[in-house]
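# Examination of the molecular architecture
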Amino acid sequence: MNRKVVLSGIQPTGNLHLGRYFGAIENWVHLQNDFDCVYCVVNYHAITMPYNPVKLQENVWELVYNLLACGVNHESLFIQSKIPEHTELCWILSCMCSYGELSRMTQFKDKTDQVKEKNKDSFVSCGLFTYPVLQAADILMYRADYVPVGKDQDQHLELTRNIAQRFNAVVGKDYFVAPEALYTETPKILSTADPSKKMSASAGDKHNIDLFAPVDTIRKQIRSAVTDTGERSDTMSAGVENLFQLLKACKQTAIYNELLAEYSNQTLSYAVLKDHVADAVIQMVQPIQDRKKEIIADKKAVKDMIKSSSMNIRERAIATLNEVRSLTGLN
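If you're wondering where the values come from, they're calculated on a predicted model, not measured in any experiment.

## Topic: helix 4 (residues 85–94)
For helix 4, the set of buried residues is Glu 85, His 86, Leu 89, Cys 90, Ile 92 and Leu 93. One side of helix 4 holds all its buried residues, which, seen down the axis, span an arc of 165°. The inward-facing, buried residues of helix 4 abut strand 3 (77–79), helix 7 (126–141), helix 8 (154–171) and helix 13 (299–328).

## A short note on the pairing of strand 1 (residues 5–10)
Counting buried positions along strand 1 yields 5 of 6 residues, so the element is predominantly enclosed. Looking at chain direction, strand 1 and strand 2 (residues 36–41) are connected through 6 bridges and run parallel. Bridging across to strand 2, Leu 7 finds its partner in Val 38.

## Some remarks on the nonpolar core
Ranked by internal contacts, the top residues of the largest apolar core, which has 63 residues, are Leu 18 and Leu 211. The residues touching Leu 211, leaving out its near neighbours within four places in the chain, are Leu 16, His 17, Leu 18, Tyr 21, Cys 70, Ile 218, Met 284, Val 285, Ile 288 and Gln 289. Residues Val 133, Ala 137, Ile 139 and Val 324 belong to the second largest nonpolar core, which totals 39 residues.

## Topic: the pattern of salt bridges
The full count for this structure, using the stated rule, is 12 salt bridges. The residue Glu 158 makes a salt bridge to Arg 161 at a minimum N-O spacing of 4.0 Å. Remark: Arg 161 and Glu 158 occur in helix 8; sequence separation between them is 3 residues, near one turn of the helix. You can call Glu 158 partly exposed: its relative accessible area is 41%. Asp 194 serves as the salt-bridge partner of Lys 197, at 3.8 Å between the closest nitrogen and oxygen. A relative accessible area of 44% means that Lys 197 is categorised as partly exposed.

Definitions and cut-offs
Residues numbered from 1 in each chain as written. Predicted model: local features only at pLDDT ≥ 70, side-chain atom pairs only at ≥ 80, totals over all residues. Heavy atoms only, no water. Buried < 20%, exposed > 50% of the residue type's maximum accessible area, 1.4 Å probe, protein only. Helix = DSSP H or I, 4+ residues; strand = E, 2+ residues; numbered from the N terminus. Arc of directions from axis to C-beta. Contact = heavy atoms within 4.5 Å. Pairing = 2+ DSSP bridges. Core = buried A, V, L, I, M, F, W, Y, C linked by side-chain atoms within 4.5 Å. Salt bridge = Lys/Arg side-chain N within 4 Å of Asp/Glu carboxyl O.

Right, dumping it as structure tokens:
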């Protein structure tokens, strides 16, 4: 029996920090056991914001090495720009999407504000406005049944469903599957420097812990984590809760329960908590860092492997686009 298809993508921007790992990549690895997974490094999406072309190419391959080190199967992984059919399908689907629908996308306003904050002279690209349609093309190209998303992506997935249904109505055939959200419980990791914010590469180095940073750096960042900001109260502070969340995410259940009991009894030293969290994180990342060293020992072989997997996955995209062209009268 054919397995259900899962599609997910990740932008080659910023480093692969603990927030991205626990929030997405660890889940990607687990999903491979039960689904036909298609994972994409979305470099077309990355150019919707101001960027450096040389840096982009470096980031793409660095992310590929990191994903493989984390356990993503190379057969499931491709680079978006190596499958140009995505952009053609995007154009066709953009003709099935209204201006009003795109103008209601909340992330467009958020990202527009980010562009203006960083550089008042930068322009806001049309691609930033229309990228939800490209995202829809990414998903529908492989007839994905499920898309692992967070609540902040619900709006984009709903747009994809609307586009799929409108396409089917126009061509008079139930061709595209209306994909469903795959909600998998994943830890929400916050910045150790400011636990009122999520862990993020764009906020700066002190706001994220790089999965591939030297272990001494990781330990130093965790030891400097914000805990209580004032008087201890009956409610656990966001900073302390974040440290416990990291411990739990690292599957350290026994020590998690032990320290939680100490916290409840008000006998827990935050220095001890931070040391245990640092130990847990380092124990988790070291095998991944070791695998990366093996991977980058022969970068050419890895690049050839991913180019090959991209071409294999492209065959699926070509088949879909040929059928779409026929259905829309473009063949």
